[in-house]
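Overview (structure and organization)
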Amino acid sequence: MSQPRIAVRRLTPGALIDAVDDWFTTREPNAAGRLGLFRILYAAFYFWTLSSQKVQQLTAVPADHRRRVVLIELLPTDPPALFFDVIELSLVAALALLLVGFRVRLATLAVLTFGMVLESYWVSLDAEHATVFLTFFIPFFMLLGGAKWGETYSVDALLRRTSGARLVERADASWVYFLPARGILVVLAVLFVSSALFKVSGTWISYPLLLANELLQKNIEAALMGLPLNPLAPAVAERPWLGESLRWPVLLFEGTFFLALLSRGLRALYVS
């Protein structure tokens, strides 16, 4: 009696390329509308991030505490306070245009340019608290994808309506609108997994009090800057088991974030 044969699909380079292509070009429900809403949330969150920064801190920093990055090698080593004020005001103006959706492509380019200049100076002082994903990856991928996040919920869309031009439906599920978001998700997965690997090989595992001391240090920095304190920091520092219970879930979340690439349900779980 012959045994039934089980068809096994060979994993060839061509099949792998096709699978990746299918993943990037899968239709996404309400892609155009969701991307427009993401543009608004992104600009609002960026505003909130800027509200806690004081660009005056970037002036007159001792040379020993600076680490120059390539992007600002051609800019002044110690620019005056007015320089940072102009960059920050320009960034705020660009974010305002992005928020309302006016000249979105130009606004996205301005956000990327001014944001990266300002971020480069921050990174030269404190690389551990960089916000490169916010200031670079998101606007860069949106530009790379044609900056289509201004097609809906925007002044640009209203202007096209008044001129009689064809409007993009918010329910449009074309992969073209969601392609930048999928690219960003891949980068986010790589960053999270690499962060977990760094933690495993570093003090995150070998130094149990790291998280508790870090929370206390953040409270000291917040007090110096006149910001609200984290009321849970003393409790975590006084109870080692509480710090332990906080360390391992972080490691688990970051190390398994790549699962968000496998399905919409897992993506929604991890991103939320």
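Here's what I pulled together on the structure shown here. Small disclaimer: the values here were computed from a predicted structure and weren't measured. (Residues numbered from 1 in each chain as written. Predicted model: local features only at pLDDT ≥ 70, side-chain atom pairs only at ≥ 80, totals over all residues. Heavy atoms only, no water.)

Some details on the side chain of Ser-120
- Among the structural elements, Ser-120 can be located in helix α4 (residues 104-125).
- Using a relative accessible area of 4% as the deciding quantity, one classes Ser-120 as buried. (Helix = DSSP H or I, 4+ residues; strand = E, 2+ residues; numbered from the N terminus. Buried < 20%, exposed > 50% of the residue type's maximum accessible area, 1.4 Å probe, protein only.)

Regarding a nonpolar patch on the surface
- Together, Leu-97, Val-100, Phe-102 and Leu-159 make up a nonpolar patch on the protein surface, roughly 310 Å² of accessible area in all.
- Positionally, Phe-102 belongs in the loop between α3 (81-100) and α4. (Patch = residues over 30% accessible without salt bridge, like charges linked within 9 Å, V, L, I, M, F, W, Y side chains within 5 Å. Areas by Shrake-Rupley, 256 points an atom, 1.4 Å probe, with all protein chains shown as cover. Salt bridge = Lys/Arg side-chain N within 4 Å of Asp/Glu carboxyl O.)

Here's the deal with unusual backbone geometry
- In the Ramachandran plot, Arg-103 falls in the positive-phi region, its phi being about 50° despite a non-glycine side chain.
- For Arg-103, the position within the fold is in the loop between α3 and α4.
- A residue is classified by how much of its surface remains accessible, and Arg-103, at 52% relative accessible area, is exposed.
- Residue Ala-147 is not a glycine yet carries a positive backbone phi of 50°.

Focus on the pattern of salt bridges
- Applying the stated criterion across every chain, the model contains eight salt bridges.
- Among the ionic pairs, Glu-151 bridges to Arg-160, the shortest N-O distance being 3.4 Å.
- With relative accessibility at 21%, the residue Arg-160 sits in the partly exposed group.
- Residues joined in a network through salt bridges with shared partners are Glu-28, Arg-34, Arg-182, Arg-264 and Arg-267.

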